[in-house]
Amino acid sequence: AAPYGASGALSPLRLHSTPDTPFASQWGLPDGWTCLCRMSGWLPAASPALGPVELGEGVSVEEVGVTGAWVELLVVRADCMGADSAADALSPLWAELAAAPTGAVPDESSGREGLSPPRTSSRSLAAAGGGGGELSADVLVACAFADLFEPAQLAEQLHRLAPGALAYLPITFDGDTWLEPSSDTGEKDTEEKDTQGVGLTSGWLSRSSSSESAVVDSGRARVPSDALVFQAYHEHLQNAEGQFTDVQALVSKLKLRGAVQLAQGSSNWRIAPPSKHNGAHAAVWRAMLRFVARGTAARLWPLWSLPAWQLRVRQAQPFICTKNVDVLVKLGSGSKTAVEWDCAPLPSMPRFAALVFHAPRRLLVDGRVRPEGWCLPFGHVEVRTEASLVSSGTELKFFRGDFTGLSGDGPEDDGDSGIDEAEPLDASIAGMGSAAAYPLEYGYSLCGTVTAAGLGVPVSLLGQRVFAFHPHASAAIVNASELHLVPSCLGAEEAVYLPAMETALSIAHDACLREGERVLVLGQGLIGLLVTAVLAAGGGYATSGQERKQGGAGGGGGRLSTLHAIDPIARRRVLSRLLGADGAYAPGNAPLTNRGQAGGYDVAIEVSGSPRALQAALDAVRPGGRVVVASWYAGEVELQLGTRFHRSHVTIVASQVSELPSALQGTWDKARRFDEAWRLLAHLRPSRALTTLRVPLSGAQGAFEALDRAAEVAVQICY
């Protein structure tokens, strides 16, 4: 609005005192329709920053040849309550618009500051050609309107009325209503519809004769819960009012007719009760309460009393909330539909950059352009990246060239990498189920915002912050089913730690720790530090070894008697103590027992990647102890497995996060482990302590070199 002063971008438009418009005077509005306002005038072209999405940065108005446009703005209101359905009430208007006279242009006198409106235009008020045509609009706005129509019918009418136009559908009801806080009192009888034989079946109450007599004979009706009231209310809207409460269904129908979804966002109502905000929303709050009751009372009576529920709500004075969605689409031109494309065109980020492991110790940032007309595959989304985390284990091996036994590698291959060429990178992650070979893209810790969606994807994903197992890139195309929604309490800088935290949790599970055991963690890199943090938390999310011994923040932190760590780098040892270790030592300085003596640690967890650390772990545990091997060794490993080991009954456990061990599959699954990893991230906030370097994608080469020198603990790439 800045170019046009404080009054806003529409200030050049002149308000007509009498709404004398082609709709009202020449065509006539159907019964129940009222013209509220008409404005018209010459609107100078907005700057690209305010203009349509097609004008990117650096594109001037002169380059596209646009200097202004004649604008006719009409605001109409439809009263649909008296009709059998919204579609019936609006059908006369569809007919009028479809038969609109051609060549309808404003009067010469309507021009502003001596500018006469154009006599001809490629987008005049009525389409040119023949004795009738379709209304040709550039922008169509339908507020609190789209949910009144059957989605396929609305999609057809919008494309017939305004092909190629921008359609903005704000405040479209998306099928949910609730109270904040709930008015439920917690009394048992408000939640007993199962035991009393009461439930909503096929849109109506079903009840057993015994429960009916019990309620009616008692002379009173129960007060329904909020959930029951709103379940009945939504069924009333759908079955009696003919309302459609699935925004996804509407968007899918629009896409099938060639529309492209540009944006979507939440526009929930949160109506304050009379006791809040000086009663500013009081009238709307009371009207909404009556509206809910009107559509629900008959469906719940005689078992449930809506007046009693209303009284309870008036006393509790909660906020009344409804789930609404704003949708912006560009309607199809009619020449090609999404069915013919088999997907929706990609509306954003045609250019992006990806990180490529080109050769050992050589990274390239590859700029890419999607082909013209490229489409999002069915069920996929585009994610605009906010941050990605570098794996200091596997990715560093690719950078160092520890996979030189594979095809496409450099001349230094000695054939002794210890890596099986046939092994996939990670069979559990889409796109990583093939063997490694340079050049390749790799990475699996990316977080960003969904900016575009193909067919079959819920519109609710647009604008959401999500995590994806995807290589480093400024934009990612991901199957929507493989995304993880980021909890609202976490930012991207914490969310990128999800795979690392899941790995640490998986290692803790494989260790099968028992109350009072002594544990040693060898290696305090990124994963090792997270393992230490998870074990120190012990269910209580303690922040230090001393606090953990005293019971931790949640009372469960004292389950281990000792938690020690070993690492050669002093900075990591400091972080280890900060995250809860009782002691952190350099190799050779840990309080280990002598090899032949009983005692030592019950469990040793080797996560350093060093073969020597694996031998140290075997030496550190007592007879009958356990060694958890979470490292991936690039090459042969020599171990001393002589008489002492032969008699020790030590158990060696291989730990890897891709699959759940069989012992856990009866009680855990991947979804539950992800949920626990998110919970640990929210409590431990590892990025605050562990992210020691943040770089743009162009700085990846230097960041990997710093990780290779062990100068950094965790590196994030920011976009």
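The following paragraphs examine the structure supplied in this document. (Residues numbered from 1 in each chain as written. Predicted model: local features only at pLDDT ≥ 70, side-chain atom pairs only at ≥ 80, totals over all residues. Heavy atoms only, no water.)

## Considering unusual backbone geometry
The peptide bond linking Glu180 to Pro181 adopts the cis configuration, its omega dihedral lying at -10 degrees. Position of Pro181 among the secondary structure elements: in the loop between strand E5 (166–180) and strand E6 (199–201). Residues Tyr438 and Pro439 are joined by a peptide bond in cis, for which omega reads -15 degrees. Secondary-structure assignment places Pro439 in the loop between helix H12 (394–400) and strand E14 (446–453). Even without being glycine, Arg361 reaches a positive phi, approximately 65 degrees. Following the sequence through the fold, Arg361 ends up in the loop between strand E11 (351–359) and strand E12 (362–369). (Helix = DSSP H or I, 4+ residues; strand = E, 2+ residues; numbered from the N terminus.)

## What to know about empty space enclosed by the protein
The tally for this structure, following the rule as stated, stands at one cavity of 30 Å³ or more. Taken as a whole, the largest cavity spans an internal volume of roughly 60 Å³. As for the largest cavity, its lining consists of Ala146, Asp147, Phe149, Pro151, Thr172, Phe173, Phe244, Thr245, Asp246, Val247 and Leu250. Contributing elements (two or more residues each) for the lining of the largest cavity: E5 and helix H7 (247–256). Tallied by class, the residues present in the lining of the largest cavity amount to seven nonpolar, two polar and two charged. (1 Å grid on protein atoms, 1.4 Å probe; cavity = no way out; pocket = protein on both sides within 12 Å on 5 of 7 lines; lining within 4 Å. Points joined across faces, edges and corners; volume = space filled by probe spheres on them. Nonpolar A, V, L, I, M, F, W, Y, C, P; charged D, E, K, R; others polar.)

## Brief notes about the sheet that holds strand E23 (residues 651–654)
Strand order in the open sheet formed by six strands is E20-E19-E18-E21-E22-E23, with parallel pairing between adjacent strands. Each edge of the open sheet carries a strand with a single partner, namely strand E20 (583–585) and E23. Mean inter-strand twist for the sheet, computed between neighbouring axes without regard to direction, equals 20 degrees. Together, strand E18 (517–522), strand E21 (601–606), strand E22 (621–629) and E23 form the strand contacts of helix H18 (residues 611–620), whose direction differs from that of E22 by roughly 150 degrees. (Pairing = 2+ DSSP bridges. Axes fitted to C-alpha atoms, helices over the stretch in contact; angles between N-to-C directions. Contact = heavy atoms within 4.5 Å.)

## Comments concerning the pairing of strand E19 (residues 560–566)
Summarising burial for E19: six of the seven residues are buried, a large majority. When E18 meets E19, the two strands line up parallel, connected through six bridges. Paired with Leu522 across the strands is Ile566, a residue of E19. Direction of pairing for E19 relative to E20: parallel, over a ladder of three bridges. What sits directly across from His564, in E20, is Gly583. For the segment spanning E19, helix H17 (residues 570–578) and E20, crossover handedness is right-handed. (Buried < 20%, exposed > 50% of the residue type's maximum accessible area, 1.4 Å probe, protein only. Right-handed = clockwise from strand over helix to strand, strands pointing away.)

## Thoughts on the packing of helix H14 (residues 498–511) against helix H20 (residues 670–684)
Contact pair H14 / H20: the axes reach a minimum separation of 9 Å and the direction vectors enclose 110 degrees. By the angle between their axes, H14 is roughly perpendicular relative to H20. Touching Leu498, Met501, Glu502, Leu505, Ser506 and His509 of H14 are Lys670, Arg673, Phe674, Glu676, Ala677, Trp678, Leu680, Leu681 and Leu684, all from H20. Residues belonging to the contact of H14 with H20 are distributed by class as follows: nine nonpolar, two polar and four charged. (Parallel < 35°, antiparallel > 145°, perpendicular 65-115°, else oblique.)

## Description of the environment of Trp269
Tracing the backbone shows Trp269 in strand E9 (residues 269–271). We classify Trp269 as partly exposed; its relative accessible area is 35%. Between the C-alpha atoms of Trp269 and Val325, which are 56 residues apart in sequence, the distance is 10.0 Å. When sequence neighbours within four positions are dropped, the list of residues in contact with Trp269 reads Ile171, Ile320, Cys321, Thr322 and Asn324.

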